[in-house]
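Tertiary structure, described
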Amino acid sequence: MNIIELVKSILQSFPKINEVCNDIHIDFTDRTNDSYGLSSIGDALLAEDVLGNQRRQHNFILYAVFQSANDYDRLNNSGVLLELQLWLERQAQHQEFENIVDNEKLTGVLTKLTCSNGMLYAIPENNLNSGVQYQMQITAEYKIER
């Protein structure tokens, strides 16, 4: 399990996930309501010591399609994303995962999850009555020891 699979697994363990989606796709969402997609948007080296141990950051965008016919729906949608954000930030409990680099298995440890910019992202054809897309940025910080 790499960092992408780990974050997807954590998202799927959100206690209310069955209320808001059927599945979390990688890199896309369906145009149907209650569809989530987790997109990996890059990994960066933050620090490295003389032994080769690294502190890294992986960035994601979570897209969600919700019904939005009225203000009640949109308030509920934003509330679910806020609750998910607060819950996610408590889930970085030093969970281990593996990365394969040049056929070498490296063990990573998740140290921190942060979320930002949970907001309305796209309205298809300027029609609020169909599913609208929200986004939330997720940052996962982790360590790799050699």
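Residues numbered from 1 in each chain as written. Predicted model: local features only at pLDDT ≥ 70, side-chain atom pairs only at ≥ 80, totals over all residues. Heavy atoms only, no water.

**Side note on the packing of aromatic side chains**
When we look at a pair of aromatic rings, we describe it by the centre distance and by the angle of the planes. This structure, assessed with the given rule, holds 3 aromatic pairs. Considering the side-chain rings of F97 and Y142, the 5.2 Å spacing of their centres and the 75° angle between planes classify their relative orientation as edge-to-face. Of this pair, F97 sits in strand β4 (residues 96–101) while Y142 is found in strand β6 (residues 132–145), placing the two residues 45 residues apart along the sequence. Summarising the burial analysis for this pair, F97 and Y142 share the class buried. (Phe/Tyr/Trp six-rings, centres within 6.5 Å; stacked < 30°, edge-to-face > 60°. Helix = DSSP H or I, 4+ residues; strand = E, 2+ residues; numbered from the N terminus. Buried < 20%, exposed > 50% of the residue type's maximum accessible area, 1.4 Å probe, protein only.)

**Things to note about the pairing of β4**
Bridge count for β4 against strand β5 (residues 104–122) is 6 bridges, and the pairing is antiparallel. By the bridge assignment for β5, E96 is matched with V109. As consecutive antiparallel partners, β4 and β5 are separated by 2 residues, and within that stretch D102 has a phi angle of approximately 50°, a positive value. (Pairing = 2+ DSSP bridges.)

**Considerations on helix α1 (residues 3–12)**
All of the buried residues along α1 are I3, L6, V7, I10 and L11. Projected down its long axis, α1 shows its buried positions confined to an angular sector of 135°, all on one face. Capping the start of α1, N2 holds a side-chain oxygen 2.9 Å from the backbone nitrogen of I4, two or three residues further along. (Arc of directions from axis to C-beta. Polar contact = N/O pair within 3.5 Å; in protein donor to acceptor, adjacent residues only side chain to side chain.)

**Examining the environment of I138**
Tracing the backbone through its elements, the reader meets I138 in strand β6. As a C-alpha pair, I138 and L38 span 100 residues in sequence and 9.5 Å in three-dimensional space.

**Details of the pattern of salt bridges**
Applying the stated criterion to the full structure yields 3 salt bridges. Across the pair E141 and R55 runs a salt bridge whose closest N-O atoms are separated by 3.9 Å. Here E141 is found in strand β6, whereas its partner R55 is found in strand β3 (residues 54–66), with 86 residues between them in sequence. Given the relative accessible area of 36%, R55 is considered partly exposed. (Salt bridge = Lys/Arg side-chain N within 4 Å of Asp/Glu carboxyl O.)

**Some thoughts on the nonpolar core**
In this structure, L11, Y36, L84, L88, L113 and I138 are the most contacted members of the largest nonpolar core, which totals 32 residues. It is β6 that contributes the most residues to this core, 7 residues altogether. Among all residues touching L88, those that are not within four sequence positions of it are I10, L11, L113, C115, M136 and I138. (Core = buried A, V, L, I, M, F, W, Y, C linked by side-chain atoms within 4.5 Å. Contact = heavy atoms within 4.5 Å.)

**Let's talk about the sheet that holds β4**
The strands that make up a sheet are held in pairs by hydrogen bonds between backbone atoms, and each pair lies either parallel or antiparallel. With mixed pairing, 6 strands are arranged side by side in an open sheet as β1-β2-β3-β6-β5-β4. If you trace the sheet from one side to the other, it starts and ends with β1 (24–26) and β4, each paired once. Neighbour-to-neighbour, the strand axes of the sheet open up by a mean angle of 40°, direction not taken into account. Bridge count between β1 and strand β2 (residues 35–48): 3 bridges; the pairing is parallel. Note on β2: the bridge partner recorded for H25 is G37. Relative to β3, α1 is tilted by about 45°, and along the sheet it contacts β1, β2, β3, β4, β5 and β6. (Axes fitted to C-alpha atoms, helices over the stretch in contact; angles between N-to-C directions.)

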